Amino acid sequence: MAKGTSKETRIRIKLNSYDSKIMDVSCSKIVDTAIRTGAKVVGPIPLPTKKERFTVIRGPHIDKRSREQFELRTHKRIIDVLNPTPSTIDSLSHLALPAGVGISLKM
């Protein structure tokens, strides 16, 4: 480490959801909570959307060539909270997020 630089603590929050609108709401809640408690926030940074496609035969007997396609999109975001205070960690751990949003915290 160079002289005069200090290691800053960081909390990395990874979010994933099938619905992008719910994802945006939960990202804004996290950012507002972190800023209100005195931490610096970087993000939300959108990651590439994972698209899973499934092809299903419509009828089991005669219509073998007739197929139906479905797509499942997984939206992902990363939020970095720099120099969190103890109140930031406490309020983020007790934050109520909408159903359907997966969250993982890494310190």
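That block above? That's the structure.
Residues numbered from 1 in each chain as written. Predicted model: local features only at pLDDT ≥ 70, side-chain atom pairs only at ≥ 80, totals over all residues. Heavy atoms only, no water.

A.B. asks: Before we go on, may I ask you to explain the overall build of the protein in this structure?
C.D. replies: Within the protein, the secondary structure is distributed over two helices and four strands. Along the chain direction, N to C, the helices and strands of the protein fall in the order β-α-β-β-α-β. For 107 residues, the compact-globule estimate of 2.2 N^0.38 gives 13 Å, and the protein exceeds it by more than 25% at 20 Å. Its C-alpha atoms put the protein at 75 × 35 × 15 Å along the principal axes. Counting the 107 residues in the protein, one finds 25% classified as buried. Sequence-distant contacts in the protein: of pairs separated by 6 or more residues, those separated by 24 or more amount to 74%. Accessible surface computed for the protein: about 7800 Å², of which carbon and sulfur atoms make up 54%. (Helix = DSSP H or I, 4+ residues; strand = E, 2+ residues; numbered from the N terminus. Rg over C-alpha atoms; globule rule 2.2 N^0.38 Å. Buried < 20%, exposed > 50% of the residue type's maximum accessible area, 1.4 Å probe, protein only. Contact = heavy atoms within 4.5 Å. Areas by Shrake-Rupley, 256 points an atom, 1.4 Å probe, with all protein chains shown as cover.)

A.B. asks: Could you clarify how one ought to interpret the environment of Pro98 in this entry?
C.D. replies: For Pro98, the position within the fold is in the loop between α2 (86-93) and β4 (101-106). For Pro98, a relative accessible area of 25% translates into the label partly exposed. Those residues in contact with Pro98, other than ones at most four positions away along the chain, are Ile22, Val25 and Ser26.

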